[in-house]
Amino acid sequence: MRIVFATNNKNKLAEIREMLADSGIEVLSLADIGCHEDIPETGKTLEDNALQKARYVHDKYKISCFADDTGLEVDALGGAPGVYSARYAGGEGHDSEANMAKLLVGLDGKSDRRARFRTVVALIIDEEEGREELFEGIVTGEITREKRGGGGFGYDPVFRPDGYDKTFAELGHEVKNRISHRARAVAKLVEYLKNMA
């Protein structure tokens, strides 16, 4: 089975391909199908954004695809940055360093550092007349007081998942890809796709 992952994030693409390596599912990138435009993300929720990206690719390229949106939700910040996680610090693009700095400043002096990463994957199967499915993955943990580790991407250096004494950036790809929010959502996606076969 061939399916497009509607993302321009090379890190996410590599992570998903690694997770699906033994599944018999070939994951194509947007570049593989000749899609080089910026796909809009104007939704108010992770679900809205994931569906918006998947529908864009499906409607334009008539191919089965999935898209995800991920948010870091911090209790002491009322669930922020949430759907705005990638552009939390403002400005153009995804400035992880600026985003982490803003997050740590926002939590300065706060004892409640509980947080969760939540990923929503939207799947559209072309052969099923554009049937849409949503899959959610959540991992809980806390925000550390400073950045730790050089691996991963995004907020990984400041997020320590429950049950571990290291951040995602310190745990390495193998462990992160087994326990992460995206791994949990993708596991549900893979099971669904295998059951279709």
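Caption draft 1: Representation of helix 2 (residues 46-61) in the model. Compared with the 22 Å implied by 1.5 Å per residue over 16 residues, the 23 Å span of helix 2 between its first and last C-alpha is a close match. Every buried residue of helix 2 is accounted for by Leu46, Asn49, Ala50, Leu51, Lys53, Ala54, Val57 and His58. In the core, the buried residues of helix 2 are packed alongside strand 1 (2-5), strand 3 (65-74), strand 5 (114-125) and strand 6 (131-143).

Caption draft 2: Quick look at the pairing of strand 3. For strand 3, the buried fraction is high: ten of the ten residues fall into the buried class. Both strand 1 and strand 3 contribute to a ladder of two bridges, which runs parallel. Counted as the bridge partner of valine 4 is cysteine 65 from strand 3. With ten bridges connecting them, strand 3 and strand 5 associate as antiparallel partners.

Caption draft 3: Region of interest: the pattern of salt bridges. This model, assessed by the stated rule, comprises 19 salt bridges. For lysine 176, the salt bridge is made with glutamate 15, and the minimal N-O distance between the two is 3.2 Å. With a gap of 161 residues between them, lysine 176 in helix 5 (residues 173-179) and glutamate 15 in helix 1 (residues 10-19) connect regions that are remote in the sequence. Shared partners join several salt bridges into a network, and the residues in it are Lys12, Glu15, Asp68, Asp156, Lys176 and Arg182.

Caption draft 4: Layout of the packing of aromatic side chains. The full count for this structure, using the stated rule, is five aromatic pairs. Ring geometry for phenylalanine 5 and phenylalanine 66: centres 4.7 Å apart, planes at 15°, overall stacked. Here phenylalanine 66 lies in strand 3 and phenylalanine 5 lies in strand 1, a separation of 61 residues in the sequence. Taking relative accessible area as the criterion, phenylalanine 66 reaches 1% and is therefore assigned buried. Positioned above the aromatic ring of phenylalanine 153 is the side chain of lysine 176, whose terminal nitrogen or guanidinium carbon lies 4.4 Å from the ring centre. Sitting over the face of the ring of phenylalanine 168, lysine 176 holds its NZ or CZ atom 5.6 Å from the ring centroid.

Caption draft 5: Up close: unusual backbone geometry. Geometrically, the link from alanine 80 to proline 81 is a cis peptide bond, its omega value of 0° lying close to zero. Positive phi values are uncommon outside glycine, yet lysine 62 reaches one of about 50°. Along the polypeptide, lysine 62 turns up in the loop between helix 2 and strand 3. Given a relative accessible area of 54%, lysine 62 falls into the exposed group.

Parameters at a glance
- Residues numbered from 1 in each chain as written.
- Predicted model: local features only at pLDDT ≥ 70, side-chain atom pairs only at ≥ 80, totals over all residues.
- Heavy atoms only, no water.
- Helix = DSSP H or I, 4+ residues; strand = E, 2+ residues; numbered from the N terminus.
- Expected span 1.5 Å × (residues − 1).
- Buried < 20%, exposed > 50% of the residue type's maximum accessible area, 1.4 Å probe, protein only.
- Contact = heavy atoms within 4.5 Å.
- Pairing = 2+ DSSP bridges.
- Salt bridge = Lys/Arg side-chain N within 4 Å of Asp/Glu carboxyl O.
- Phe/Tyr/Trp six-rings, centres within 6.5 Å; stacked < 30°, edge-to-face > 60°.
- Lys NZ or Arg CZ within 6 Å of the ring centre and 35° of its normal.

By themselves, these figures tell us nothing about what the structure is for.
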